[in-house]
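Residues per chain are reported as follows:
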Amino acid sequence: RHSRPPFELFLLDAGSLDGTAEFLDGVAAAAPVRAEVMRQGAGETYGALVEKAVARSRGAFVAWVSNDVLVPE
C-alpha cells in the first residue's frame, strides 16, 4: 500500500493450512505489479524457497519482510 511501482512481490508459503495460501493467491491476483506466489515443495527448506525468490527477482534491491513485521508508511 505504501510502495510505488516499479517493484515485484514474491509471496512465499511454507505449507500453511489456515487459509493463508488462498489469501496469498488473492493478493497476487489483485496486485498492480508483477506478483508471484511461491510454495515450499516437499523436502525443500524455507531458506531454499527464499533463495529461489531472490533469484527470480529482477530488481537491484531486495527487501525481505516476514509475517511478523509491521511496515510503516
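Everything discussed here concerns the structure shown above.
All figures in this text were calculated on a predicted structure; none of them were measured in a lab. Residue indices begin from 1 for each chain and proceed along its sequence in written order. The model is predicted, so local features are restricted to residues of pLDDT at least 70 and side-chain atom pairs to those at 80 or more, both for listing and for counting; the totals for chains, interfaces and linings are taken over all residues. For side-chain calculations, the full set of non-hydrogen atoms in the structure is used, while hydrogens and water are omitted.

> Please explain the overall build of the chain as it appears in this structure.
For the purposes of this entry, the term helix denotes a DSSP run of H or I that reaches at least four residues, the term strand denotes a run of E that reaches at least two, and both are numbered from the N terminus. The number of helices and strands found in the chain is 2 helices and 2 strands. For the chain, the α and β elements follow one another from N to C terminus as β-α-β-α. Over its C-alpha trace the chain gives a radius of gyration of 13 Å, about what one expects of a compact globule, namely 11 Å for 73 residues. Each principal axis of the C-alpha distribution contributes one length, and for the chain these read about 35 × 25 × 20 Å. For every residue, the accessible area (1.4 Å probe, protein chains only) is compared with the maximum for its type, and the residue is labelled buried under 20%, exposed over 50%, or partly exposed between those bounds. Across the 73 residues that make up the chain, the buried fraction comes to 21%. Pairs of residues are marked as contacts when any of their non-hydrogen atoms sit within 4.5 Å. For the chain, the proportion of contacts with a sequence separation of at least 24, taken over those separated by at least 6, is 56%. Only the protein chains shown count as cover for residues, and the accessible areas themselves come from Shrake-Rupley with a 1.4 Å probe. Summing over all exposed atoms, the chain offers an accessible surface of approximately 5,800 Å²; the carbon and sulfur share of this is 56%. Throughout, radius of gyration means the C-alpha value; the globule benchmark is 2.2 Å times the number of residues raised to the power 0.38.

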